[in-house]
Amino acid sequence: MKQRVMTNNILNGVTILDFGHRLPGPLAGKILASLGAKVVKVEDHIFQDPFCAGAFAEFDPSFKDWYQELNGSKEILRLDFKSPTIKDQILELLENCSGIINGLPHKVQASLGIDFESISKLKSPIAVVDMKASKQSKTAMHDLNALAMTGLLSLHVEGQTKDIIAPPFLPIAGINFGHKVATDLLAVLLKVRESSKSYYHTTYLLESTEEIFSAFWPRKLRDNRTKFLHNGLYPCYSLYKTSDDKYVALAAVEEKFWLEFCEVFKLDIPKEERFNYQDDKVFTAISKCFLSMTQKEVKKVTERHDFCLSLI
């Protein structure tokens, strides 16, 4: 009998040139590298990735850690993009390249020889994904703008009364964009393999945000729904404070988890009431329970049980 072998070298033999910067392109490259591809991150020797050396790295040193996490598995190649021989240097890289993650402005792409016109003239076919902000909107944007422009950010501010509201805890639109770029490049690699011709595809931050996340808040629901399971509608799926100003995450949605949760914490709340969002009684009962305990005490009580309760 043949044994099933799990491997992370699916893309062994595939070389990707990563001309991305900041989050999405490097994340796409990281994903492909984790599948076994050789990823070479190409940067200008002066204008390096802003997470490494530039505006982002200067105002918040944590971006340097992001840079290392996103690019630690890649070969970093820094070239002089203004060198008179730069096109020849890039052309040499392209000879052994299967795909390109392209996050550079069109003018820079043309100067390096990685724009659509240049790629289409190559003898060996290459898969290219070009990253743009939006197909429709011409405004500059970051992760936060894409969430706002798709209407999705209104879920985050729902019920807030503060004058200043912190953004979502991670740049989820940018992270999604990086995954979409990686997925699209894999699709383009298949297209190139089938046709034996170079293929140049554009992926958009705004449209990819709409495509993926709007499935979880369809526009037909937006006039009458702003609360769902995952943003605090139900008592059984929420975050609760403990007496030492820490938090726990309760996700006892299934009946078996809810019943065990109530038994362990001696809460007399019927299983049907875990979905009662029309008054605060259940929320309040659970909150009082956790506010009477430290996080350490909660951990001790639950260490032999498993009903989807986690410490934050």
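Here, every reference points to the structure presented above.
The text that follows walks through the structure, step by step, so that each part is easy to find. (Residues numbered from 1 in each chain as written. Predicted model: local features only at pLDDT ≥ 70, side-chain atom pairs only at ≥ 80, totals over all residues. Heavy atoms only, no water.)

With respect to the layout of surface pockets
Logical step 1: Counted as a void, the largest pocket has a volume near 1,400 Å³.
Logical step 2: Taken together, 32 residues line the largest pocket, and the ones lying closest to its centre are Leu155, His156, His230, Asn231 and Gly232.
Logical step 3: Going through the elements one at a time, helix 8 (153-157), strand 7 (237-241) and strand 8 (247-251) are the ones with two or more residues in the lining of the largest pocket.
Logical step 4: Within the lining of the largest pocket, the residues separate by chemical class into 20 nonpolar, 9 polar and 3 charged.
Logical step 5: The calculated volume of the second largest pocket comes to roughly 780 Å³.
Logical step 6: Lining the second largest pocket are 29 residues; nearest its centre among them are Arg22, Pro24, Met141, His142 and Asp143.
Logical step 7: Elements that contribute at least two residues to the lining of the second largest pocket include exactly helix 1 (24-34), helix 3 (62-71), strand 5 (127-132), helix 7 (143-149) and helix 9 (172-195). (1 Å grid on protein atoms, 1.4 Å probe; cavity = no way out; pocket = protein on both sides within 12 Å on 5 of 7 lines; lining within 4 Å. Points joined across faces, edges and corners; volume = space filled by probe spheres on them. Helix = DSSP H or I, 4+ residues; strand = E, 2+ residues; numbered from the N terminus. Nonpolar A, V, L, I, M, F, W, Y, C, P; charged D, E, K, R; others polar.)

So, the sheet that holds strand 5
Logical step 1: Overall, parallel pairing links the 6 strands, which are arranged 3-2-1-4-5-6 in an open sheet. Lying at the two open borders of the sheet, with one neighbouring strand each, are strand 3 (75-79) and strand 6 (199-204). When strand polarity is set aside, the average angle formed by the axes of neighbouring strands in this sheet is 20 degrees.
Logical step 2: Of the strand pairs in this sheet, strand 5 and strand 6 are connected by 6 bridges, and their pairing is parallel. Looking at strand 6, one finds that Met131 is bridged to Thr203.
Logical step 3: Sitting on the sheet, helix 9 is in contact with strand 1 (15-19), strand 4 (99-102), strand 5 and strand 6, with an inclination near 150 degrees to strand 5.
Logical step 4: Against the sheet, helix 10 (residues 205-213) engages strand 5 and strand 6, with an angle of about 70 degrees to strand 6. (Pairing = 2+ DSSP bridges. Axes fitted to C-alpha atoms, helices over the stretch in contact; angles between N-to-C directions. Contact = heavy atoms within 4.5 Å.)

Scope: geometric values only; no functional claims are made or implied.
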